Amino acid sequence: MKPPLPSSALDQLFHAAHTAHGFRSEPVSDEMLHQLHDLLKWGPTSFNCQPARFVFVRSAGAKERLKPALSPGNVAQTMEAPVTVIVATDSRFFEHLPTQFPAYDAKPIYENNAALAQDTGLRNGSLQGAYLILAARALGLDCGPMSGFNAAAVDATFFPDGRFRSNFLVNIGVADPTKYFARGPRLAFSTAAQIL
Ligand SMILES: Cc1cc2nc3c(=O)[nH]c(=O)nc-3n(C[C@H](O)[C@H](O)[C@H](O)COP(=O)(O)O)c2cc1C
């Protein structure tokens, strides 16, 4: 077994990490976004299928295109965030399987089963969204994930050909700690888990 990460790293990733609801003005550079992807891409997905697609909405013009699709409570925090990531799912992720999982011809499994492709895309794309949150925290950034938005409107605006579908949004940047919500409790092990 490898040694655990130092407690400062565990704090940054989990114990002290808080969902951001407001941001300072520090920008997030292209280099940082590439670093973020270079980390999150190593998270595992089934058959290495990597169905998530990430749209980094950073320019004022792109933010304005996103704004009408946001729930009212998410508008201010999203406009303030240096970057908002649209975590989307490629409905035809299986087209990449021949190069991404060369050991086995898995493409027909999904190409011929739309329901399985949809389940697999959403499951693994959501995992990749979670990897993005933890990778961002590892790089010193804060995150504000959001499902409060009109997905059909986001898809019509950003993915008009219908191939990618938005799953959730993540604001990223340096949090304004005065805008944190009170920390919610977490379920006890005895409620959330069992050892059989
Ligand atoms: C998938 C997802 C969707 C969420 N949607 C919203 C949202 O639409 N608006 C919002 O303000 N917070 C949203 N949140 C934030 C959660 O309420 C928050 O992460 C949770 O209460 C834990 O807060 P904490 O990190 O401060 O402990 C969402 C979080 C996740 C993971």
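For the structure, check the block above.
Residues numbered from 1 in each chain as written. Predicted model: local features only at pLDDT ≥ 70, side-chain atom pairs only at ≥ 80, totals over all residues. Heavy atoms only, no water.

Colleague: Please provide a residue-by-residue account of the overall build of the protein chain, values included.
Modeller: Of regular secondary structure, the protein chain possesses nine helices and four strands. The C-alpha radius of gyration of the protein chain comes to 18 Å, within 12% of the 16 Å expected for a compact globule of 196 residues. Along the first, second and third principal axes, the C-alpha atoms of the protein chain reach 50 × 50 × 35 Å. The buried share of the protein chain, reckoned over its 196 residues, is 38%. In the protein chain, once contacts between residues fewer than 6 apart in sequence are set aside, the share between residues at least 24 apart is 81%. Entry remark: accessible area of the protein chain is about 11300 Å², with carbon and sulfur atoms responsible for 59%. (Helix = DSSP H or I, 4+ residues; strand = E, 2+ residues; numbered from the N terminus. Rg over C-alpha atoms; globule rule 2.2 N^0.38 Å. Buried < 20%, exposed > 50% of the residue type's maximum accessible area, 1.4 Å probe, protein only. Contact = heavy atoms within 4.5 Å. Areas by Shrake-Rupley, 256 points an atom, 1.4 Å probe, with all protein chains shown as cover.)

Colleague: An account of the sheet that holds strand 3 (residues 142-146) is needed here, citing residue identities and associated values.
Modeller: With respect to topology, four strands assemble into an open sheet ordered 1-2-4-3, the strand pairing being antiparallel. Every other strand in the sheet has two partners, leaving strand 1 (52-57) and strand 3 as the edge strands with one partner each. In this sheet, neighbouring strand axes are inclined to one another by 25 degrees on average, regardless of whether the strands run parallel or antiparallel. Against the sheet, helix 4 (residues 72-80) engages strand 2 (83-90), strand 3 and strand 4 (164-173), with an angle of about 150 degrees to strand 3. Against the sheet, helix 7 (residues 114-138) makes contact with strand 1, strand 2, strand 3 and strand 4, and its axis sits at roughly 10 degrees relative to strand 4, the strand it touches most. (Pairing = 2+ DSSP bridges. Axes fitted to C-alpha atoms, helices over the stretch in contact; angles between N-to-C directions.)

Colleague: Break down the site of the ligand for me, citing the residues and quoting the values.
Modeller: Near the ligand the following residues occur: His-18, Thr-19, His-21, Asn-74, Gln-77, Pro-145, Met-146, Ser-147, Gly-148, Arg-183 and Arg-186. Note that an oxygen atom of the ligand is positioned 3.1 Å from one of the side-chain N or O atoms of Gln-77. Within the contact set of the ligand, a nitrogen atom lies 2.9 Å away from a backbone nitrogen or oxygen of Ser-147. At the level of elements, helix 4 and strand 3 are the ones that each hand at least two residues to the shell around the ligand. In terms of residue class, the shell around the ligand is built from two nonpolar, seven polar and two charged. (Near = heavy atom within 4 Å. Polar contact = N/O pair within 3.5 Å; in protein donor to acceptor, adjacent residues only side chain to side chain. Nonpolar A, V, L, I, M, F, W, Y, C, P; charged D, E, K, R; others polar.)

Colleague: Provide a residue-level description of the environment of Ala-106, including the pertinent values.
Modeller: Within the secondary structure, Ala-106 sits in the loop between helix 5 (97-100) and helix 6 (107-111). You can call Ala-106 buried: its relative accessible area is 0%. Between the alpha carbons of Ala-106 and Glu-95 there is a distance of 9.8 Å; along the sequence they are eleven residues apart. Beyond its immediate chain neighbours, meaning those up to four positions away, Ala-106 contacts Phe-47 and Leu-97.

Colleague: Quick rundown of the packing of aromatic side chains? Include the residues and the values.
Modeller: This model, assessed by the stated rule, comprises six aromatic pairs. Plain terms: the ring middles of Phe-47 and Phe-101 are 5.0 Å apart, the flat faces sit at 75 degrees to each other, and that makes the pair edge-to-face. Here Phe-101 lies in the loop between helix 5 and helix 6 and Phe-47 lies in the loop between helix 2 (30-40) and strand 1, a separation of 54 residues in the sequence. Taken together, Phe-47, Phe-93, Phe-94, Phe-101, Tyr-104 and Tyr-110 form an aromatic cluster joined through their ring pairs. (Phe/Tyr/Trp six-rings, centres within 6.5 Å; stacked < 30°, edge-to-face > 60°.)

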